[in-house]
Amino acid sequence: MRFVISLFSTLLFSIITAAQQKPLSLIPYPVEVKQQEGVFLLKNTITVSTILPQQDWKPLFSYFKDEMKKLYSITVTEAAKEKQADISFQMRRMPTSGKPAYELEVNKNGVIITSNFSEPAFHAMQTFFQLIPVDKGSKKEIPFVKIFDYARFNYRGMHLDVGRHFFPVDFIKKYIDYLACHKFNTFHWHLTEDQGWRIEIKKYPKLTSVGAWRNGTIIGRYPGTGNDNIKYGGFYTQTQIKEIVKYASDRYITVIPEIEMPGHSSAAIAAYPELSCFPDKSTEYPKQCAWSGPTEGKQVQQTWGVFDDVFCAGKENTFTFLEDVMDEVLALFPSKYIHVGGDESPKAHWKLCPACQQRIKELGLKDEHELQSYFIQRMEKYLNKKGRTLIGWDEILEGGLAPNAVVMSWRGEKGGIDAAKQNHDVIMSPGNPVYFDHTQSENEDSVTIGGFNPIEKVYAYEPVPKELNDEQAKHVLGAQANMWTEYMKNTNKVEYMLFPRIAALSEVLWSQKEKKNWGDFEKRLMTQFKRYDLWKMNYSKAYFELKATVSPTQNYTGLLWKLESKTKADDILIYKWVKNGTSDGQIVSNKGQCERMINSSGLYYGSLQEKTEVKSLLKQEFFFNKATGKKITLANEAAKNYPGDGAFTLVNGVQNEKGFARTKEFLGFNGTDCEAVIDLGSSQSISSVIIHALTRPTSWIWQPRSAEVFGSVNGITFTSLGTTNDFIQSKSPTGNGLMSIVFNAATVRYVKVLVKNHGTIAEGNAGAGNKAWLFVDEMEVNAPNP
């Protein structure tokens, strides 16, 4: 429906001329904004009327009325006649060749919002809300402005995993509201997992009576420090799902369901064991993880990761089951797209399963990867027959892509690039930077899955890869951020991980590329934080934290620890905490940053102070050895998605203590070795080298295969000093460990350290057949004991 929203001057009881125009804090920023002098002061009660059919008008009016009352204490009522109303709705075309768009103008005659469809009119409402001041006690002054706006991408998505942790209907609605006010139009609802099946399927009641519940959950970060032994779960009835879909539709948001297949299916198999390749085989789980309750038979998983027990691709009853499930899913979700997962599906059971091997033989398939392709293509044909389009994670490319499928690229951008070059539509969703389960703070003290995706990195993201030409780029429908909930047990944590990064992504997906400007966005973000306060959001304050960087000194004789603040602090104070509890001095700066040389081990503190109040406190322990702060070079560069701070990461004196949660402190090598040469600056006597590394097989990160140390006096001729295959893992569950090489004292200037990659991941493990990752943290070079 096309219409015009006219907000007449009767809505406003006063026109005030602004002495100075204030920049508008709009997020996402519109295509065109033209400000003029003058403001309106809103009345506390306004009336509206419409000529729209009731089916279009009712949800719009209800939403507008509720938001105006809830957020701004303005009462909205319907008028009997248009001329008596403060707001009236009409229709008009827009100059965008049918692309949804809106105009919003505030002038002396009123506020006019012109839209060609109901959806952009709804988005115009979000812009209108942002024109109203949020400061407590301030007058409801709306500035004169002329705005023309439309979205850059057609697909603007946010995801939520309810399989690992379940969230109530009220929060799902609130989550949808969060998307709506940031002008997202797609909610990707991840409904099935190894740890819980969350959607009622009436033909298969055990999916929820059995599959929706697990007997316990690991405590803390994988592999955990124990099990809470608490039965956990929940599911959404079909009535509740219809209610949520309708709620989203009223906010012009499409809900895309995800039903995982063939992997991540432990919960479904626990309910119906015959779906497994080996129905009589008890559920396997990582032995390092504590388990609660029975271990015999099929069970819902209690820990996180990737599991071998997947849907059997050789049995016809598997496809009968999935088609039956899809029939009920399609009746609940009118969305064009249906997500089937398709990721992280091990082939170990398929290789041993007679039915799967018979299927491979009958179809003349090359291997189990082509069997997965057959699985996905068969489900795609069924969905296509029902008028729907299949979406899958980028693993569906393996073995041959289904003809009409849309690829959601999460393992970087390569899957999306490959699919677009094959003329398939793609949705970009790379873990770096749009996995919102990754930490957004370098000083995160709560448990997260790891990674580091701060708001700056999210804002810098460009969904259209430079590797695509103009024609191929048209296949990029948009992008999506993902919210995986292994470590989000409650709604407060979900909000904390979502905000404020959702604001940055909203501008990436809505605003024109050439309009993006981080400095300008930062200023507008300050007002956005006030809106979050108004909404009572539990948002992350990571943006305001001190940022610390460690770099070498000019002559490589120590470390420079630099602290920077984004706020207008009066001073920054740095001091060293020594064992006797006294400070070893301080540095004060009123320029928002300061720098200190570090040349000995110790625990150092930096604090951001405004006058005498400490606003932010940062601590860092440094460990010094002969290699700390020295010049270092690498034979092989680290992978782009795990670059640390370059080669210097290995000698910066910072030892990782939180494993994958602090990936910034690692250099990651995918299938390659880590070979480093450290220049000690002069010939010195050394007798041992310690390499700090990480093991986390569920994330394809394996301990080094071996390590070897070489010495040289000239940097050209190197002699082997020692080697080891032993990796000593720490007692903590982080996966941190070290390799120690002790040798007879040698006098050298250059130390070469070769850390060998594990190689190809063996069958029966997550990522089997792929190259292992090698994660190296710190390298210590030590002198002989006195």
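Residues numbered from 1 in each chain as written. Predicted model: local features only at pLDDT ≥ 70, side-chain atom pairs only at ≥ 80, totals over all residues. Heavy atoms only, no water.

A. Expanded view of the overall build of the protein. What the protein contains, in helices and strands, is 17 helices and 37 strands. For the protein, the C-alpha radius of gyration of 29 Å lies close to 28 Å, the compact-globule estimate for 786 residues. With respect to the three principal axes, the spread of C-alpha positions in the protein is 95 × 75 × 50 Å. For the protein, long-range pairs separated by at least 24 residues make up 72% of all intrachain contacts whose partners lie at least 6 apart in sequence. Approximately 32300 Å² of the protein is accessible, and the part contributed by carbon and sulfur atoms is 49%. Taking the 92 positively charged and 87 negatively charged side chains of the protein as two groups, their mean positions are separated by 4 Å. (Helix = DSSP H or I, 4+ residues; strand = E, 2+ residues; numbered from the N terminus. Rg over C-alpha atoms; globule rule 2.2 N^0.38 Å. Contact = heavy atoms within 4.5 Å. Areas by Shrake-Rupley, 256 points an atom, 1.4 Å probe, with all protein chains shown as cover. Lys, Arg positive; Asp, Glu negative; His and termini not counted. Charge placed at Lys NZ, Arg CZ, Asp CG, Glu CD.)

B. Fine view of empty space enclosed by the protein. Applying the stated criterion across every chain, the model contains three cavities of 30 Å³ or more. The computed volume of the second largest cavity comes to approximately 40 Å³. If you go around the second largest cavity, the residues you meet are Asp437, Val447, Thr448, Ile449, Trp484, Glu486, Tyr487, Met488, Lys493 and Met497. Residue composition of the lining of the second largest cavity, grouped by class: six nonpolar, one polar and three charged. (1 Å grid on protein atoms, 1.4 Å probe; cavity = no way out; pocket = protein on both sides within 12 Å on 5 of 7 lines; lining within 4 Å. Points joined across faces, edges and corners; volume = space filled by probe spheres on them. Nonpolar A, V, L, I, M, F, W, Y, C, P; charged D, E, K, R; others polar.)

C. The arrangement of the nonpolar core in detail. In terms of nonpolar packing, the biggest core is built from 149 residues, with Tyr175 and Trp189 touching the most fellow members. When neighbours within four sequence positions are excluded, tryptophan 189 is seen to be in contact with Leu160, Val162, Ile172, Tyr236, Ile241, Ile244, Val255, Ile256, Pro257, Glu258 and Phe333. Core analysis: the second largest hydrophobic core is formed by 43 residues, Tyr604, Ala638, Val651 and Val751 among them. (Core = buried A, V, L, I, M, F, W, Y, C linked by side-chain atoms within 4.5 Å. Buried < 20%, exposed > 50% of the residue type's maximum accessible area, 1.4 Å probe, protein only.)

D. Examining helix H16 (residues 501-510) more closely. The element H16 is extensively covered by neighbouring structure, given that 10 of its 10 residues are classed as buried. Among the residues making up H16, those that are buried are Arg501, Ile502, Ala503, Ala504, Leu505, Ser506, Glu507, Val508, Leu509 and Trp510.

E. Molecular detail of the side chain of serine 687. Relative to the elements of secondary structure, serine 687 occurs in strand S32 (residues 674-694). Excluding residues that lie within four positions of it along the chain, serine 687 makes contacts with Ile741, Val742, Phe743, Ala745, Asn782, Ala783 and Pro784.

F. Quick look at the sheet that holds strand S20 (residues 426-428). The sheet built from eight strands closes into a barrel, its strands ordered S10-S11-S16-S17-S18-S19-S20-S21 with parallel pairing. Across this sheet, the average inter-strand angle for adjacent strands is 30°, counted without regard to direction. Sheet topology note: the strand S10 (residues 155-161)/strand S21 (residues 476-481) ladder contains four bridges and is parallel. Residue pairing in the sheet places arginine 156 in a bridge with alanine 479 of S21. (Pairing = 2+ DSSP bridges. Axes fitted to C-alpha atoms, helices over the stretch in contact; angles between N-to-C directions.)

G. Representation of the environment of tryptophan 189 in the model. Relative to the helices and strands, tryptophan 189 is located in strand S11 (residues 186-190). Take tryptophan 189: its relative accessible area is 0%, and that puts it in the buried class. Taking the C-alpha atoms as reference points, tryptophan 189 and proline 257, separated by 68 residues in sequence, lie 4.9 Å from one another.

H. Representation of the pattern of salt bridges in the model. Here the structure, examined in full by the defined rule, presents 30 salt bridges. A salt bridge links glutamate 193 to arginine 164, with the nearest nitrogen and oxygen atoms 3.0 Å apart. With glutamate 193 in strand S12 (residues 192-193) and arginine 164 in the loop between S10 and helix H3 (169-181), this pair connects stretches of sequence that are 29 residues apart. Like glutamate 193, the residue arginine 164 is buried in the burial classification. The partner of arginine 662 in a salt bridge is glutamate 665, with the nearest N and O atoms 3.4 Å apart. Classification of glutamate 665 as buried rests on a relative accessible area of 16%. Through salt bridges that share partners, Asp161, Arg164, Glu193 and Glu486 make up one connected network. (Salt bridge = Lys/Arg side-chain N within 4 Å of Asp/Glu carboxyl O.)

I. Quick peek at the sheet that holds strand S26 (residues 593-598). Across the sheet, three strands lie side by side as S22-S23-S26; this open sheet has antiparallel pairing. Two strands bound the open sheet, and with one partner strand each, they are strand S22 (547-552) and S26. Mean inter-strand twist for the sheet, computed between neighbouring axes without regard to direction, equals 20°.

J. A look at the layout of surface pockets. Taken as a whole, the second largest pocket encloses approximately 1000 Å³ of empty space. Every residue lining the second largest pocket is counted, 43 residues in all, and those nearest its centre are Glu442, Asn443, Leu618, Lys619 and Arg662. Broken down by secondary-structure element, the contributors of at least two residues to the lining of the second largest pocket are S22, strand S27 (602-610) and strand S28 (613-622). The biggest single contributor to the lining of the second largest pocket is S28, with seven residues. Per-class residue counts for the lining of the second largest pocket are 14 nonpolar, 13 polar and 16 charged.

K. Up close: the packing of H16 against helix H17 (residues 518-534). Between H16 and H17, the least distance of the axes is 10 Å, while the angle of their chain directions is 130°. What the angle tells us is that H16 and H17 run oblique. Considering only the axes of H16 and H17, their crossing is right-handed. Touching Ile502, Ala503, Ala504 and Glu507 of H16 are Phe521, Arg524, Gln528 and Tyr532, all from H17. Tallied by class, the residues present in the contact of H16 with H17 amount to five nonpolar, one polar and two charged. (Parallel < 35°, antiparallel > 145°, perpendicular 65-115°, else oblique. Left-handed = near helix turned anticlockwise from the far one by under 90°.)

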